[in-house]
Amino acid sequence: MELKDFQRTALDTLTTFLEHARLSGNPEEAFLKTLRERRPEENLPSYRTIAKLAGVPNVCLRLPTGAGKTLLAAHSIAVAGRSYLERDYPVVLWLVPTSTIRKQTAEALKKPSHPYRAAIDDAFEGRVSVFDISEIEQIRPQDLTERVSIIVATIQSLRTSNPDGRKAYAHSENYEPHFGHIPVNAPWLERDEKGDLKFSFVNLMAFHRPLVMVDEAHKAGTNLSFEMLVSLRPSCIIEFTATPNTDPRNGSNIIFRASAAEVKAAQMIKLPIILTEHPDWRAAVHDAIETRARLAETAKSDPSYIRPLTLFQAQDKGQEVSVEVLKKYLIENENVAPDKIAIATGMQRELDAINLFDPACPIECIITVEALKEGWDCSFAYVLCSVANIGSATDIEQLLGRILRMPYAKNRPDEALNRAYTHVSSPRFGEGARALTDTLVQKMGFEQDEAASVIVSQQLAIPGFEPKEFLPESIPVLLLTMESTPDLTGLPLSEAERNKLETWPDGTITVGLQGEISEEMEKRLVAAVHPERREACRASVRQHRISHHNSISPVERGAKFAVPRLFLNVQGELELAEEKFILDLGGWTLNNCKAELTPSEFAIKDTAERWEVDLKGEKVIYQHIDQNTQLEIGALKLDWTELTLSRWLDKACRQEDITQPVMLEFCRKLIANLIEHRNIPLHDLLRFKFQLAKATQQKITALRQQAYAGYYQTFLFDPVATVETCFNDGFAFDKRPYPAAWAYRGRYQFKKHFHGMVGELDEKGEEFDCAQLLDNQPEVKHWIRNLSGRQITSFWLPTSTDRFYPDFVCELNDSRILVVEYKGGDRVTTDDTKEKRNIGELWAAKSKGKALFLMAEKKNAKGLSISEQLVQIIG
């Protein structure tokens, strides 16, 4: 299964952190350095160290529901193995929150055809063994040295209060073969009352120092859960969760976070969630069935088979709408055939033997209470109906997560099939939206503004508002239930008239509002509700503002926004000016490069107590005792030949643009040079092969970069270079998602941003000031905050080292495109800024007057302000 862009970024970030940690030996320093490199302008969080595990890297990847946490965990094993552990075959302790998920995870990892197992097999050539915690006595010594061994357990199963936990700590003769080569005086292992070494699973793990992967870490409980790991001596701890513990005393060290927008842009989840609130459960059930029927009709035209499903969440036995009551209602009142209904509860597991993806499967409706909450996954689930009052519904987040998966992980041609649908019972309008927003934020890993923007309320008709169509595209309506009529005296007539009031038999009042809500209007609304519900009222207003701005944004109104790109004209054909093409045009190949590492690029120094490996001025330290331990357990392959090492190095350094025969020959020559000319013994190269691999990768990168820099100048800036800026095959913002990692949250409301949400912009500072000026520029039709590092979804220009993502892209009223890069005073004269200015001005110069480029400064060399610079360049 191919990884998505945000997943690759997550693994790259983890790699960077682990490499820094390996070099420095200080996880806290590595954590802060990695965050500083990724987000240089943000305030950095503090690093939290687990008691008695001070030197052990411990980080968290935060991924919202549907982002593929377990798949990333599978890929992370190889990342940790080569970047930090420096072992060909790591020992992995995979911890999950419940026994149900433990069994499901072990089953998936044991199945060769499963994507999780396939990812691990691919990285380790199929040399993989997987054990459930109940199978640990089956582990052989060679499993821990010649294969990747993955032991799946729950944290509870390793506590001494648990029978499995006591078993893990107990002496067992079954482990005796493992301890034959372990020194009897090893100081970190547990002993019995006689002082003899215990042959236990915990001691075995302590000797091998496992990589610990923690799925849904927040469910592990308090920090005491991780302190329990001390006796296992983990080498590294990596958490994967949607909602990490953020307690400053014992919370998670979040090294990477994916936003819901990024996951949506990767076509992994259905968004937005279309919410309809109903006064009673029967109405909710009826409309849920109608929604599924309309989706089923729509799905008939989809190129792939899709059979939309509805998940019904019934109440517990003994309550009004139990499973039995709901099934009877579906059959007798909604005319649903019995063979189209499946029940999935703790007692009735009718889905266990059913393949819901099979076109012959008749199932359309699934009734559950909470049994689907762990491990169940079917991307055909589109509609969720909860018959309980939404305010009291339990486990709604697990079921909501089930309807978010996108079929085939690819957007469908009809927009209706790219959305999820919920029908809930709610006595008060607006309560459902608030409840689902809270669920997305508190339990599914969404930020508050993300949750507000992805829930679209499709309300039933109320006086003054027309009912919405199947795909709600009209301006959002805020519906609030309050105890008294709000005081609207003194408000502008245009604002007061946008209020619609409806009084209900119980004396409550529903207030409906469209459009912008001023701060004064918000105060009047809040004052009219009961004090206990005032914060909820404010939250509803905030959510409406986000929905309103999204609905009136240019992209939602169908505006186009195309930007010309920079091309090379090669024999009459236009080719995008990017690194790969420029290298191919220049004829670069590794065959023509000298295969050698200089002493400054790679060197080994042996002292009385340790080895030091130098990599471009950075030192990696290896204590003799650690290397001897690796030798004792067979992890150091000192019986390899030069050819064996060459093949290993070839695999470790594989590059997309270099064929395997070329890479293998380069590695063979490089190793021969180190042995014959640098006089480095083969056994030393074998001891430090992971650092050799890193040095080789750095060398290849430097060789490629050197060649590209020369070709870049020749093909783009030479007087005879054939460069064109062209709209043909240009970059279209209107046809691409906007996967911002975080959203602007300031008080100023931007009016011309192409999307309702402004991504990755601070609420103050010089870049914000520049954005505000663009928003108020009369000649600007609309603009966009261009997201850095998004190769597919953002506009970029090539530089001699990477890609340049300008800060802002604008379309003017006369259809010209203005690109603005803002630079603070301390960066105006740097080489990086000069190169960006050169390529930006080249792009503009070759556009035949259709594009403008401005390197904006707070005050430029002529003394002009940003506003004056904009006026000057626009003309």
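Everything that follows concerns the structure shown earlier in this document.
Here, residues in each chain are numbered from 1, in the same order as that chain's written sequence. Totals for whole chains, interfaces and linings use every residue, but because this is a predicted model, local features are given only for residues with pLDDT of at least 70 and side-chain atom pairs only at 80 or more, for both listing and counting. Hydrogens and water molecules were not included; the side-chain quantities draw on all heavy atoms of the structure.

Peer 1: Just give me the short version of the nonpolar core, but keep the residues and values in it.
Peer 2: Nonpolar core, defined: a set of buried Ala, Val, Leu, Ile, Met, Phe, Trp, Tyr and Cys residues in which side-chain atoms within 4.5 Å join the residues together. Note on classification: 1.4 Å probe, protein chains only; a residue is buried when its accessible area is under 20% of the maximum for its type, exposed when over 50%, partly exposed between these limits. Counting 112 residues, the largest nonpolar core has Ile77, Ile150, Val285, Phe312 and Leu326 as its most contacted members. Helix and strand assignments follow DSSP, with helices taken as H or I runs no shorter than four residues and strands as E runs no shorter than two, numbered in order from the N terminus. Broken down by element, this core gets its largest block of residues, 10 residues, from helix H3 (residues 69–85). Any pair of residues with heavy atoms lying within 4.5 Å of one another is described as a contacting pair. When neighbours within four sequence positions are excluded, Leu326 is seen to be in contact with Trp281, Val285, Phe312, Ala314, Val321, Ile367 and Val387. Core analysis: the second largest hydrophobic core is formed by 70 residues, Val563, Cys667, Phe733 and Ile839 among them.

Peer 1: Give me the environment of Leu703: which residues, what numbers.
Peer 2: Tracing the sequence through the fold places Leu703 in helix H23 (residues 689–717). Measuring from C-alpha to C-alpha, the distance between Leu703 and Cys593 comes to 7.4 Å, with 110 residues separating the pair along the chain. Apart from the residues lying within four places of it in its own chain, the contact partners of Leu703 are Trp588, Leu590, Cys593, Lys594 and Phe666.

Peer 1: Go over the sheet that holds strand S17 (residues 509–514) with me, naming the residues and quoting the values.
Peer 2: A pair of strands is treated as paired once DSSP finds two or more bridges between them. With respect to topology, 3 strands assemble into an open sheet ordered S15-S17-S16, the strand pairing being antiparallel. Across the chains shown, the open sheet's two edge strands, defined by having one partner strand only, are strand S15 (477–482) and strand S16 (499–503). Taken pair by pair, the neighbouring strands of this sheet meet at an average axis angle of 20°, ignoring direction. Fitted lines through C-alpha atoms serve as axes, helices being fitted only where they are in contact, and the angles separating the N-to-C directions of these axes extend from 0 to 180 degrees. Across the sheet, helix H16 (residues 519–527) is in contact with S15, S16 and S17; its angle to S17 comes to roughly 170°. Its contacts with the sheet put helix H17 (residues 534–551) on S15 and S17, and the angle it makes with S15 is roughly 170°.

Peer 1: Tell me what's going on with the environment of Glu350, and back it up with residues and numbers.
Peer 2: Here Glu350 shows up in the loop between strand S10 (341–344) and strand S11 (365–368). With 88 residues separating them along the chain, Glu350 and Asp438 place their C-alpha atoms 32 Å apart. Residues within four places of Glu350 in sequence aside, it is in contact with Ile341, Ala342 and Ile343. Counting of polar contacts relies on pairs of N or O atoms within 3.5 Å, with two restrictions inside protein: one atom must be capable of donating a hydrogen and the other of accepting it, and residues adjacent in sequence are counted only when both atoms are side-chain atoms. For Glu350, the side chain forms a polar contact with the main-chain nitrogen of Ile343, separated by 2.9 Å.

Peer 1: Could you give an account of helix H2 (residues 27–38), with specific residues and numbers?
Peer 2: Here, expected helix span is obtained from the residue count minus one, scaled by 1.5 Å. An ideal rise of 1.5 Å per residue puts 16 Å on 12 residues; H2 measures up with 16 Å between its terminal C-alpha atoms. Those residues of H2 not exposed but buried are Pro27, Ala30, Phe31, Thr34 and Leu35. Projected onto a plane normal to the axis of H2, the buried residues spread over an arc of 125° and lie on a single side. Looking at the buried positions of H2, the neighbouring elements they touch are helix H1 (5–24), strand S1 (58–62) and strand S7 (254–257). Two or three places before Glu28, at the start of H2, stands the capping residue Asn26, its side-chain oxygen 3.0 Å from that residue's backbone nitrogen. Arc definition: it is the arc formed by the directions from the helix axis to the C-beta atoms.

Peer 1: Break down the packing of aromatic side chains for me, citing the residues and quoting the values.
Peer 2: Note on aromatic pairs: the rings of Phe, Tyr and Trp (six-membered ring only in Trp) are paired at centre separations within 6.5 Å, and the planes decide the class, stacked below 30 degrees, edge-to-face beyond 60, tilted for the rest. Taken as a whole and judged by the stated rule, the model has 23 aromatic pairs. When the ring of Tyr89 is compared with that of Phe124, the centres are 6.5 Å apart and the planes differ by 45°; the resulting orientation is tilted. Residue Tyr89 is located in the loop between H3 and strand S2 (91–96), and its partner Phe124 is located in helix H5 (residues 115–124); the two are separated by 35 residues in the primary sequence. The same class applies to Tyr89 as to Phe124, namely buried. Ring centres of Phe731 and Phe733 lie 4.9 Å apart, and the angle between their planes is 75°; this geometry places the pair in the edge-to-face category. Judged by its relative accessible area of 3%, Phe733 falls in the buried class.

Peer 1: Could you give me a rundown of H3, with the residues and numbers involved?
Peer 2: Maximum bend of H3: about 30°, positioned at Val79. The buried fraction of H3 is high, at 15 of 17 residues. Following H3 by one or two positions, Glu86 adopts a phi angle in the positive range, close to 55°. A residue's bend is simply the angle between two axes: one fitted to the seven residues ending at it, one to the seven starting at it.

Peer 1: Could you give an account of the packing of helix H21 (residues 660–676) against H23, naming the residues involved and the relevant values?
Peer 2: Between H21 and H23, the shortest axis-to-axis distance is 12 Å and the interhelical angle comes to 115°. The crossing of H21 and H23 is right-handed. Residues Met663, Phe666, Leu670 and Leu674 of H21 pack against Leu692, Thr696, Ile700 and Leu703 of H23. Each residue gets one of three labels, nonpolar for Ala, Val, Leu, Ile, Met, Phe, Trp, Tyr, Cys and Pro, charged for Asp, Glu, Lys and Arg, and polar for the others, Gly among them. Here the contact of H21 with H23 is built from residues that sort into 7 nonpolar, 1 polar and no charged. Two helices that cross are described as forming a left-handed crossing if the nearer one is turned anticlockwise from the farther one by less than a right angle, and a right-handed crossing if clockwise.

Peer 1: Could you give an account of the sheet that holds strand S6 (residues 236–241), with specific residues and numbers?
Peer 2: Taken together, 7 strands build an open sheet; the order of strands is S3-S4-S2-S5-S6-S1-S7 and the sheet is parallel. Both edges of this open sheet fall to strand S3 (128–132) and S7, since each of them pairs with a single strand only. Here the strands of the sheet are splayed against their neighbours by 20° on average, with no regard to which way each runs. Here S1 pairs with S7 via 3 bridges, running parallel. When the bridges of S7 are listed, Cys60 appears paired with Ile254. Where H2 meets the sheet, its contacts fall on S1 and S7, and the angle it forms with S7 comes to roughly 30°.

Peer 1: Hey, could you go over unusual backbone geometry for me, with residue numbers and the actual values?
Peer 2: Geometrically, the link from Leu271 to Pro272 is a cis peptide bond, its omega value of 5° lying close to zero. Tracing the backbone through its elements, the reader meets Pro272 in the loop between helix H9 (260–265) and strand S8 (273–278). Within the chain, Arg233 stands out as a residue other than glycine whose phi angle is a positive 50°. For Arg233, the position within the fold is in the loop between helix H8 (223–227) and S6. One non-glycine residue, Asn335, lies in the positive phi region at around 55°. On the secondary structure map, Asn335 appears in the loop between helix H11 (323–332) and S10.

Peer 1: Outline the pattern of salt bridges, listing residues and values.
Peer 2: A pair is scored as a salt bridge if a Lys or Arg side-chain nitrogen falls within 4 Å of a carboxyl oxygen belonging to Asp or Glu. A full pass over the atoms with the stated rule returns 37 salt bridges. Salt-bridge contacts for Glu520 lead to Arg524; the nearest nitrogen and oxygen are separated by 2.8 Å. Of the two residues, Glu520 and Arg524 both sit in helix H16, 4 residues apart, roughly one turn of that helix. What makes Glu520 partly exposed here is its relative accessible area of 34%. The partner of Arg803 in a salt bridge is Glu578, with the nearest N and O atoms 3.7 Å apart. Highlighted residues: Arg803 in strand S26 (residues 803–804) and Glu578 in the loop between strand S19 (573–576) and helix H18 (579–586), separated in sequence by 225 residues. For Arg803, a relative accessible area of 29% puts it in the partly exposed group. Its relative accessible area of 24% is what places Glu578 among the partly exposed residues. Overlapping salt bridges, with partners in common, bring together Arg62, Arg257 and Glu447 in one network.

Function cannot be inferred from these measures alone, as they are strictly geometric.
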